[in-house]
Each structure stands twice: as structure tokens, then as C-alpha cells.
Amino acid sequence: MHLCSFLCISPSREQPIFSTRAHVFQIDPNTKKNWVPTSKHAVTVSYFYDSTRNVYRIISLDGSKAIINSTITPNMTFTKTSQKFGQWADSRANTVYGLGFSSESQLVKFAEKFAEFKEAARLAKEKSQEKMELATTPSQITLPSPTQESATGDLQSPLTPESVNGTEDERLMPDATQNTDLRVDSNSMLFPHSSSTITKHWEAELTALKGNNAKLTAALLESTANVKQWKQQLAAYQEEAERLHKRVTELECVSSQTSGIKIQKTELNQTIEELEAVLKTKEEEMEQLREKVQHANHLQTQRDSVSEKLKETELHNQELEVQLRELERRLESSQHEQEAFRKSLRSLLELLDGKIFELTELRDSLAKLIEGS
């Protein structure tokens, strides 16, 4: 249950009392020198107050992942290593947290809240230790009053130093026993009618006191053992705090040298975010190009089909060209034959023209002869 209450946020008892946004880093567990970003972008960092356990915690979530879960203790120190960067060590988580803010005012406000809640944690721890010391101090144990009367009117036995310790009857000397017997006898003489009742009451009261003292002694021993254990734990925590303070000092020296690297890392994170946006755009363009490639493949298939048809058409054209050349050759031969035929016809026409001219002359001559006769 304690582990669950430490690791989980209970809305019924923990409420955020201050929130801001920052880039979260943790020290590299291997090198203990370099910062490792635990968030890709600025996330919400909140102070929570647990009213049941009276503790303050720093919580930060990246989605559903808790990247900061740090309980503030009086030994913690928040250190500002630059104008926009601060850090603190958490011995329970065995790490060092770093926060990069967008402005110096946010860093100052976060540091003020850290100091305020650290002081509140110190006061709460002191009150808890005071209550523990009061509860474990033997002088504060309340015992029944020796002068009170019982509800039935019987006198209660007076408390003596011997009756406070539950095992004192085993260490009583014979003379103390004789003194007790003398007191009983004197009381019997003073109260002859109630001496047996008072004796029984004393015995019952003594038995009850022995039982109460035994319980109180056991509780005291247990509280003492717890105090020793708590002191050992406190010494261990103090040693761990001193070690962490030394470590923080070393890290401050390193961080003063790597403040420029931190700024560069922050800028690189922003550049990475921009590149991721560009990559997303490129992926969309790639998807569009993939669709275009598919369409181009379809067109390529159609082009191959058309190419086959074109090859067939070219072969057919070649055959037609062969046929055309043959026809041209035949046409040329026919033209030569026609030209020779025309020449023959011209010769024949010329011959006919001569014959016709001769016949005309012959006709004219015959006509003249007829007219002369």
C-alpha cells in the first residue's frame, strides 16, 4: 500500500497546487554527466499536495507515462544553473532531474515554489518527530490516579514505586512482605466488615496494574527499537544527502560547462519537431507519388499494348511499302509502255495526217477532173 501511494496519484487526496510547462531531462545513469531528454516537447510539471501523508510531490506525465515522480524532502535543493534551466537530486529515485523553461520568470517562480514547499516539508517533519518523541518518552505515560474512588465506593489501592513495575512482586524482600501484611492487618482492624473486600480489590488492582505495565513496557521497548531504526535510517539519509550534495556540486560544475549544450539540445529538439512535421508532409507526398506511380504503371501497360500494336502496324506498313514499291515499279513500267504507245500513236497520227493530206489532194484532183469533163 505504501508503494502504491508513493507511485500513484490519488485524485481524492492529492490536488495540483501549481503547474507550469518545461522540457524534462534526467541525468544519464551510465555516465552521470550528460543530460538525457525524457520528453520530446514541453510538458506540464505540477506540484501536488498529499493531505493524508502531509507531503509535497512534483509530478509530470508525458501521455500516460510518469516521467517525474519526486517527493520533496527538507534535504533537497533546487539549483538554477542558467537563466532558463534548473535541477534537483532525488535520492529515492536515484537520479537528478533537470527542467528547461521557455523564460527566466517561469524558472524563478518554480524555484520559489520549490523553496516554499521544501520549508513546509521541513516543518511537517519536525512536527512528526516531536509527536514521535512525545509518544516514546516514558514520563508522558498516563497511569490511573491513586486517590480516585471506584464506582462502588471501594477504596483503590495507593500506587507505590514498587507497584509500577509489573514484575516487582518477584523481587520483593521478606520485610516488604511483612510490611504489606501489617498494613492489611491494620486496615482489617479499622474496617472489620470490609477488610476481605479491600484485600481482594487490592489484589485485582495489583494484577491489572501488572498487566498494564507489562503492555506499556512492551510498547516502550517497541517504540525504542523503532526510534533506533529511524535514527539509523535518518543517518543513512543524511549520508546519502551529503553524497548527493557533493554530486550536485560536481554536476553544477559540469552543467556550467554544458549550458551551451543544453541550449543546443533544446534547439535540436525543436528542429527535430520541425523535421518530423516536414517528414509527415513528405510521407503524404510519397503517398501521392505512390498513387501516381500506380497510375503510371497502368499507363505503362497501356503503352506496352499500344507498342505491340504499333509494331504490328509497322510490319504491316513495311509490307505495304514493299507492295507500294512494286506498284510504283509497275506504274513506272506502265508509264514507259504508255509513253511508247503515245509515240506510236503520234507516229500513226502523223502517218494518217500524211495519208489524209494525200487523199485530200487526190479528191481535189478528181473533183477538178469531174468539173472539166
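Computed from a prediction, not measured in an experiment: that's the story for all the values here.

Cut-offs used in this document
- Residues numbered from 1 in each chain as written.
- Predicted model: local features only at pLDDT ≥ 70, side-chain atom pairs only at ≥ 80, totals over all residues.
- Heavy atoms only, no water.
- Helix = DSSP H or I, 4+ residues; strand = E, 2+ residues; numbered from the N terminus.
- Buried < 20%, exposed > 50% of the residue type's maximum accessible area, 1.4 Å probe, protein only.
- Contact = heavy atoms within 4.5 Å.
- Salt bridge = Lys/Arg side-chain N within 4 Å of Asp/Glu carboxyl O.
- 1 Å grid on protein atoms, 1.4 Å probe; cavity = no way out; pocket = protein on both sides within 12 Å on 5 of 7 lines; lining within 4 Å.
- Points joined across faces, edges and corners; volume = space filled by probe spheres on them.
- Phe/Tyr/Trp six-rings, centres within 6.5 Å; stacked < 30°, edge-to-face > 60°.
- Patch = residues over 30% accessible without salt bridge, like charges linked within 9 Å, V, L, I, M, F, W, Y side chains within 5 Å.
- Areas by Shrake-Rupley, 256 points an atom, 1.4 Å probe, with all protein chains shown as cover.
- pLDDT = per-residue confidence, 0-100.
- Core = buried A, V, L, I, M, F, W, Y, C linked by side-chain atoms within 4.5 Å.
- Polar contact = N/O pair within 3.5 Å; in protein donor to acceptor, adjacent residues only side chain to side chain.

A. Main features of unusual backbone geometry. If you check the backbone angles, K32 has positive phi at about 60° while not being a glycine. Mapping K32 onto the fold places it in the loop between β1 (14-27) and β2 (35-37). If you check the backbone angles, N94 has positive phi at about 55° while not being a glycine. Summarising the element assignment, N94 is placed in the loop between β7 (85-90) and β8 (95-100). Since its relative accessible area comes to 51%, N94 is described here as exposed.

B. The side chain of S60, seen in detail. For S60, the position within the fold is in strand β4 (residues 55-62). Ignoring anything within four residues of it in the chain, the contact list for S60 reads V24, V43, T44, V45, K65, A66, I67 and I68.

C. Looking closely at the pattern of salt bridges. On inspection of all chains with the given rule, the structure shows ten salt bridges. Where E116 meets K113, a salt bridge forms, and the shortest distance between an N and an O atom there is 3.9 Å. Here E116 pairs with K113, and both are found in helix α2 (residues 104-136), just three residues apart, close to one helical turn. By relative accessible area, which is 19% here, K113 ends up buried. Residues R342 and E339 are paired through a salt bridge, measuring 3.3 Å at the closest nitrogen-oxygen approach. Here E339 and R342 lie together in helix α6 (residues 259-372), a separation of three residues that amounts to about one turn. Look at R342 and you get partly exposed, because its relative accessible area is 38%. A residue is classified by how much of its surface remains accessible, and E339, at 34% relative accessible area, is partly exposed. One continuous salt-bridge network, built from bridges that share partners, spans E119, R122 and E126.

D. Structural view of the layout of surface pockets. Of the voids in this model, the largest pocket is the one considered here, and its volume is about 1,200 Å³. For the largest pocket, the lining is made up of 35 residues, of which T73, R92, K125, Q129 and Y237 are closest to its centre. Looking at the lining of the largest pocket, the elements with two or more residues in it are β4, β7, α2 and α5 (195-257). The biggest single contributor to the lining of the largest pocket is α5, with eleven residues.

E. A look at the packing of aromatic side chains. All told, the structure shown has 14 aromatic pairs when counted by the stated rule. Between the aromatic rings of F18 and Y47, the centroid separation amounts to 6.0 Å while the plane-to-plane angle is 40°, which identifies the pairing as tilted. Residue F18 is located in strand β1, and its partner Y47 is located in strand β3 (residues 43-50); the two are separated by 29 residues in the primary sequence. Seen in terms of ring centroids, W35 and F85 are 5.4 Å apart; in terms of plane orientation they differ by 65°. Their pairing is edge-to-face. Of the two residues, W35 sits in strand β2 while F85 sits in strand β7, which places them 50 residues apart along the sequence. This pair shows no difference in class: W35 is buried, exactly as F85 is. Aromatic ring contacts, followed pair by pair, group F18, Y47, Y49, Y56, F78, W88, Y97, F101, F110, F114 and F117 into a single cluster.

F. Just a nonpolar patch on the surface, in detail. Taken together, the side chains of F341, L345, L348, L349, L351, L352 and I356 make up a nonpolar region of the molecular surface, amounting to roughly 660 Å² of accessible area. Along the chain, the position of F341 falls in helix α6. We classify F341 as exposed; its relative accessible area is 53%.

G. Seen up close, the confidence of the model for the protein chain. Scored by pLDDT, the protein chain has a mean of 77; 77% of the residues are at 70 or more. Low confidence marks residues 1-12, where pLDDT is under 50. Its contacts with residues over four positions away, or in another chain, come to 17 contacts. For the stretch residues 138-194, pLDDT sits under 50, and the model shows 41 contacts to residues farther than four places along the chain or on other chains.

H. Inspection of the nonpolar core at higher detail. Counting residues in hydrophobic clusters, the biggest one holds 22 residues, and the most contacted among them are Y47, I58, I68, W88, L99 and F110. For this core, the leading source of residues is α2, giving five residues. Ignoring anything within four residues of it in the chain, the contact list for Y47 reads Q15, P16, I17, F18, R57, I58, I72, F110, K113, F114 and F117.

I. Structural context of the side chain of R57. Structurally, R57 is set in strand β4. Judged by relative accessible area, R57 falls into the buried class, the value being 0%. One polar contact links R57 to N69, side chain to side chain, over a distance of 2.9 Å.

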